[in-house]
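# Observations on the model geometry
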Amino acid sequence: MLDFFTIFSKGGIVLWCFQGTGVTESFTGPVNALIRSVILQERSGNNSYTHDALSLKYKLDNEFELVFVVGFQKILTLTYVDKFIDDVQLHFRDRYKYMLEQKGARTLLSSCFAFEDDFKMLLCEAEESSKARGSTSMRSFNASLKSQKTVKSMIETKGGDKGKEQGGKKNKNAKKEAPAAEPVKGEQAKAPASQKTVENGNQGLTQEEIIQKKREEFIRKRMWAPAEKPSKSPKPVKEKTKGKEKRVWTLGGSSTKELDYSQCNGNGDQATGVHVLDAQADPGMQLSSMKGDLLAVDYESSEEEEEDAVEKVVVADTSKQIPKRGAYGGMFWMLKGLVGSKSLSQEDMEPVLEKMRDHLIAKNVAAEIASQLCDSVAKKLEGKVMGTFTTVASTVKGALQDSLVQILQPKRRVDILRDVLEARSQRRPFVITFCGVNGVGKSTNLAKISFWLIENGFTVLIAACDTFRAGAVEQLRTHQRRLNSLHPPQDDRGRPVVQLYEKGYGKDAAGIAMEAITYARNQDFDVVLVDTAGRMQDNTPLMTALAKLIAVNMPDLVLFVGEALVGNEAVDQLVKFNQALADHSMSDKPRLIDGIVLTKFDTIDDKVGAAISMTYITGQPIVFVGTGQTYNDLRSLNARAVVGALMKA
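Looking at an unreviewed UniProt entry, one finds the protein named SRP54-type proteins GTP-binding domain-containing protein, with Oncorhynchus tshawytscha as its source organism. Per its UniProt entry, the protein bears the Subcellular location (unreviewed entry) comment "Endoplasmic reticulum membrane". The UniProt entry for the protein carries this comment under Sequence similarities (unreviewed entry): "Belongs to the GTP-binding SRP family."

Printed below as a string of structure tokens:
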């Protein structure tokens, strides 16, 4: 039933392995994929992993730094695997505990130990126990309760019910007749129940006195209730706030005529769709240089605040509940939270992890991602022996910080400048496609990336493939004019560094992108930036059109543009975008999202959880971060700065 079972150390030493009968393929490929994709990427919240046709289950032993992995066909439903892998771990630990503690995992390689017999014994016990639980046979008709019922018994049951109902009716009638049996004298027998309750509350009063009393209470409420309201302290009258003052833009013109760039200042070629605008100098646009690699996004927070952030979050509520005791009591309470030569358990970490989960959700991390991160940290630390004078909160904080940094750091480095130079040596343009939902800033950040590429000496062709939104082409034409005014042509041909390729509205976006790439190859452009229409992840026709554009043109880089304001929505967007690209692809290996552009990063303060959610879902790096509205407001991601802001209380 099992394909393989292996035990290895976290250092990569295989201690023992078992391979099932009839299995010819090696287990090294699935195990290496598990190590790269799950263990090294800190995604061990779920103990299962799927690789091709195999399903893998694993167990971490943090005390001895061991990993237990079992693999079987994913079409099989083996209910005993979880308990079986726990039993193997405990049996292996107990048998070779002395060797692991004294000499380490390397000594087990040179020693001959017969663990295969114990393994087969545990496997047989697990299989037998699963068969015993699942061998419940169906009851026969004679053994069921329905076989004992006959027509006569059913009739008697109905009669019995009727008898019960009749008996119940008789009891009700008896209850109703019971009060009548008691003799009632005077006018009390004629008075209704409500009147009797009133008389019970006003014992010793006549009917007229009760009416007079009620009348006085009614008049008192009518007369005195309005007079009591003014006795309250009057609320201070708020002064009217001044109206919003008109903002004076430092880079703005003196009249609205200067902002009208809908008309081309140069000559437009309608046949080719390329618009070339005159490079007019704009003295108001003075931007800093962006040559070389982008600056990393940073936060103005001290290191001490980042170190003490989680302790404040975890200890904040408990410190208020500590009663003041003597000097020894306070000292013993401080020592109570310390862990010395003790292995951590799930119960020890649960209060701290609960606080950490709430803290991550408050920082805009998706709820599902926050739970998986905390579960991963718990599995990483469970059973680990801590040093003396080490608090559980600081240990969990350090492990969570390391996990977050590992998630944000890319598995592969995306160096666009190097890739553009390599594509130039092959005499072809480097193509980048931008996709995302509506209103996240695709066109604006495309212009920022164009400015950065121009600063590094590359020529750019912008393909206007957003043929749906009104004003999309005019927006790109305005950015083209601005960029050309900042960078006048310096080559012999006098060609602008940025050109726009557009065919108007209502055309096929995939065809426009293909024509733009062909034009860029013939005209020796270095980079082609493809702007696509914004679309919601649930719009099937538009998602099909996007998958067609990517499948036909095969860009070098597919960037998903998402805003930093989203929380749980980021997970849904990225999952459905990737799923649509996979479903509508024309090849066996579909092109998925290669990187992320995180926009509006300057509007969220320290709620940077969207960066964690997006990177955790896709496993792809955040290539660019938009931090403002000018062309040089473009940064690269600094993983440690983002984690520091995320952990800040």
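We now examine the packing of helix 13 (residues 392-408) against helix 20 (residues 609-618). Interaxial distance between helix 13 and helix 20 falls to 9 Å at its minimum, and their mutual angle equals 65°. Note on packing geometry: the crossing formed by helix 13 with helix 20 is left-handed. Contacts between helix 13 and helix 20 involve Leu404, Ile407 and Leu408 from the former and Ala611, Ile612, Thr615 and Tyr616 from the latter. A per-class count over the contact of helix 13 with helix 20 returns 6 nonpolar, 1 polar and no charged.

For the coordinates displayed, the defined rule picks out 16 aromatic pairs. An angle of 55° between the planes, with centres 5.2 Å apart, marks the rings of phenylalanine 5 and phenylalanine 119 as tilted. Placement of the pair is phenylalanine 5 in strand 1 (residues 4-9) and phenylalanine 119 in helix 5 (residues 116-134), with a sequence separation of 114 residues. Assessed through its relative accessible area of 0%, phenylalanine 5 is described here as buried.

Moving on, we come to the pairing of strand 16 (residues 622-626). With 5 of its 5 residues buried, strand 16 lies for the most part within the structure. Sheet analysis places strand 15 (residues 595-599) next to strand 16, joined by 3 bridges and oriented parallel. Directly across from valine 597, in strand 16, lies its bridge partner phenylalanine 624. Taken together, strand 15, helix 20 and strand 16 constitute a β-α-β crossover, and its handedness is right-handed.

So, on to the sheet that holds strand 4 (residues 54-61). The sheet built from 5 strands is open, its strands ordered 2-1-5-4-3 with antiparallel pairing. The open sheet has two free edges, formed respectively by strand 2 (14-19) and strand 3 (48-51), since each of these has just one partner strand. Averaged over all pairs of adjacent strands, the angle between their axes in this sheet comes to 20°, without regard to strand direction. Direction of pairing for strand 4 relative to strand 5 (residues 66-73): antiparallel, over a ladder of 8 bridges. Looking at the pairing, aspartate 61 lines up with leucine 66 of strand 5. Strands in contact with helix 1 (residues 28-39) are strand 1, strand 3, strand 4 and strand 5; relative to strand 3, the strand with the most contacts, it is inclined by about 125°. Of the strands in this sheet, strand 1, strand 2, strand 4 and strand 5 touch helix 2 (residues 81-95), which is tilted by about 40° from strand 4.

To continue, consider the nonpolar core. By size, the foremost hydrophobic cluster in this structure holds 116 residues, and its most contacted members are Leu373, Val396, Ile416, Trp452, Leu453, Phe601 and Phe624. With 9 residues, helix 13 is the largest single contributor of residues to this core. Setting aside anything within four residues of it in sequence, one finds phenylalanine 624 in contact with Leu294, Ile416, Ile449, Trp452, Leu559, Ile596, Val597, Leu598, Leu634 and Arg635.

This paragraph deals with helix 11 (residues 346-362). When the terminal C-alpha atoms of helix 11 are compared, their 23 Å separation across 17 residues agrees well with the 24 Å that a helix rising 1.5 Å per residue should span. Maximum bend of helix 11: about 30°, positioned at valine 352. Turning to helix 11, its buried residues number three or more, namely Met349, Val352, Leu353, Met356, Arg357, His359 and Leu360. Count one or two residues on from helix 11 and you reach asparagine 364, which has phi positive near 80°.

The rules behind these values
- Here the residue numbers are simple positions, counted from 1 along each chain's written sequence.
- For this predicted model, a pLDDT threshold of at least 70 governs which residues receive local features, and a threshold of 80 or more governs which side-chain atom pairs are given and counted, while totals over whole chains, interfaces and linings are taken from all residues.
- Water and hydrogen atoms play no part in the side-chain values, which are based on all heavy atoms of the structure.
- UniProt positions are given in the numbering used here, feature names are shortened, and annotations may be inferred rather than shown by experiment.
- Angles run from 0 to 180 degrees between N-to-C directions of axes, and those axes are lines fitted to C-alpha atoms, restricted for helices to the stretch in contact.
- Where helices and strands are cited, they refer to DSSP runs of H or I of at least four residues and of E of at least two residues respectively, numbered from the N terminus.
- Crossings are classed by handedness, with left-handed meaning an anticlockwise turn of the near helix from the far one by less than a right angle and right-handed meaning a clockwise turn.
- In what follows, residue pairs with any heavy atoms lying within 4.5 Å of each other are defined as contacts.
- Side-chain classes follow a simple rule in which Ala, Val, Leu, Ile, Met, Phe, Trp, Tyr, Cys and Pro form the nonpolar group, Asp, Glu, Lys and Arg form the charged group, and the remainder, Gly included, forms the polar group.
- Between the rings of Phe, Tyr and Trp (Trp by its six-membered ring), a pair exists once the centres lie within 6.5 Å; its type follows the angle of the planes, with under 30 degrees stacked, over 60 edge-to-face, and the other angles tilted.
- The buried label applies to any residue whose accessible area, calculated with a 1.4 Å probe on protein chains only, is under 20% of its type's maximum; exposed applies above 50%, and partly exposed to all values in between.
- Whether two strands pair depends on DSSP finding at least two bridges between them.
- Looking down the strands as they point away from you, a crossover is right-handed if its path from the first strand over the helix to the second goes clockwise.
- Grouping buried Ala, Val, Leu, Ile, Met, Phe, Trp, Tyr and Cys residues that are joined through side-chain atoms within 4.5 Å yields what is termed a nonpolar core.
- Helices are assigned an expected span. That span is 1.5 Å times one less than the residue count.
- At every residue, the bend is computed as the angle between two fitted axes, covering the seven residues ending there and the seven beginning there respectively.

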